[in-house]
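Now for the letters of each chain:
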Amino acid sequence: MFDHFPKRIVYLSVIQSFNPSVSMAYTISIGTLAPDFSLQATDGNHYSLNSFSTIRFLVVFFTCNHCPYVLGSDETTRQTALKFQGKGVAFVAINSNSPNTYEEDSFENMVRRMDENRFPWVYLHDETQEIALAYGALKTPHFFVFGQTRKLVYTGRAVDSPRDVSKMTVNDLDRALSELTTGLPVSVPVTNPIGCTIKWEGKDRHWMPADACDLV
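Quick notes on the rules
Residues numbered from 1 in each chain as written. Predicted model: local features only at pLDDT ≥ 70, side-chain atom pairs only at ≥ 80, totals over all residues. Heavy atoms only, no water. Helix = DSSP H or I, 4+ residues; strand = E, 2+ residues; numbered from the N terminus. Buried < 20%, exposed > 50% of the residue type's maximum accessible area, 1.4 Å probe, protein only. Contact = heavy atoms within 4.5 Å. Areas by Shrake-Rupley, 256 points an atom, 1.4 Å probe, with all protein chains shown as cover. Phe/Tyr/Trp six-rings, centres within 6.5 Å; stacked < 30°, edge-to-face > 60°. Lys NZ or Arg CZ within 6 Å of the ring centre and 35° of its normal. Disulfide = S-S within 2.5 Å. Pairing = 2+ DSSP bridges. Axes fitted to C-alpha atoms, helices over the stretch in contact; angles between N-to-C directions.

Visitor: Before we go on, may I ask you to explain the overall build of the protein in this structure?
Guide: In terms of helices and strands, the protein carries five helices and nine strands. For the protein, the α and β elements follow one another from N to C terminus as α-β-β-β-α-β-α-β-α-β-β-β-α-β. Looking at the 216 residues of the protein, the share that counts as buried comes to 51%. Within the protein, contacts between residues at least 6 apart in sequence are counted, and of these 76% link residues at least 24 apart. Surface accessibility of the protein: about 10,500 Å² in total, with carbon and sulfur atoms responsible for 52%.

What follows is the structure, encoded as structure tokens:
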């Protein structure tokens, strides 16, 4: 009966059906260690957390090829990545979307997109969607910033108007990285990501796991 549900969702649902008092956050919380991964990139290589062991700070973000919130803010994300590249920050993009929902999100189109845009990050393919579940990714884009010990220090949006950055009034990701790289605590560690839902295999394009919710 659970054939079309990712394993983690089934597990949570079964536990909560037996014990309604159990409350488990869907998205990883501040202070959580970065979940590891081993994923293929558009450059043909495989990457894990250990691939970035010499990097001081790591930004893992969930993205895709088709979402207008991604396309509208890509260049702002590029500017932020380049701004902090020399300050020990690396960006890692992950596409977890099912290409059966949007063919544009296929691995072949990921390769094409990187060839065309030359973004300053590696672009990884989460074909099984297990990494999206491990992080509790809610939208594309959804950003996770990890400190030197790889504990989460920021999660949420990059900007407050990703679909049309001409209307942007705040860049939360830039502020978080500015504080982090100068030794300050992140003043606003959690915001709500703004974008398209993750496209889950075998599900309606608007479907989200039952325990997925706003962060603030």
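Moving on from the coordinates now.
Visitor: Explain the environment of R112 to me, please; I cannot follow it from the model alone.
Guide: Along the polypeptide, R112 turns up in helix 3 (residues 107–117). Accessibility expressed as a relative area gives 44% for R112, which makes it partly exposed. For R112 and N65, which are 47 residues apart along the polypeptide, the C-alpha to C-alpha distance reads 9.8 Å.

Visitor: Is there a simple way to think about the packing of aromatic side chains in this case?
Guide: To describe a pair of aromatic rings, you give the distance between the ring centres and the angle between the ring planes. A complete count under the given rule lists ten aromatic pairs for this structure. Considering the side-chain rings of Y135 and F146, the 6.1 Å spacing of their centres and the 80° angle between planes classify their relative orientation as edge-to-face. Within this pair, whereas Y135 is found in helix 4 (residues 130–135), its partner F146 is found in strand 7 (residues 142–146), the two being separated by eleven residues in sequence. Three or more aromatic residues link up through ring pairs in this structure, and these residues are F61, F91, F119, W121 and F143. Over the ring of Y69 we find R163, and its NZ or CZ is 5.4 Å from the ring centre. Positioned over the ring face of W207 is K203, at 4.9 Å from the centre of the ring.

Visitor: How should the state of the cysteines be read in this particular structure?
Guide: Every disulfide links exactly two cysteines, by a covalent bond between their sulfur atoms. For the structure on display, the rule yields one disulfide. Each sulfur in the disulfide pair C67 and C196 lies 2.2 Å from the other. Judged by the torsion about the S-S bond (85°), the C67/C196 disulfide is right-handed. You can see C67 sitting in the loop between strand 3 (57–63) and helix 2 (68–85) and its partner C196 sitting in strand 9 (residues 196–197), a full 129 residues away along the chain.

Visitor: Just checking my understanding: could you explain the pairing of strand 7 for this structure?
Guide: Consecutive side chains of a regular strand alternate in pointing toward one face of the sheet and then the other. Judged by how many residues are buried, strand 7 sits mostly within the fold: five of five residues are covered. The two faces of strand 7 match: H142, F144 and F146 on one face and F143 and V145 on the other face are all buried. Pairing analysis gives five bridges linking strand 3 to strand 7, with the strands arranged antiparallel. Across the sheet, residue L58 finds its bridge partner in strand 7, namely F146. The pairing of strand 7 with strand 8 (residues 152–156) spans four bridges and is classified as antiparallel. Paired with F143 across the two strands is G156, which belongs to strand 8.

Visitor: Can you help me understand the sheet that holds strand 3 in this one?
Guide: For sheets, the rule is that strands pair by backbone hydrogen bonds, running either parallel or antiparallel. Read from one edge of the open sheet, seven strands run 2-1-5-4-3-7-8, paired in mixed fashion. Looking along the sheet, the strands with just one partner apiece sit at the ends: strand 2 (46–48) and strand 8. Direction aside, the axes of adjacent strands within the sheet are offset by 30° on average. With three bridges joining them, strand 1 (residues 38–41) and strand 2 adopt antiparallel strand pairing.

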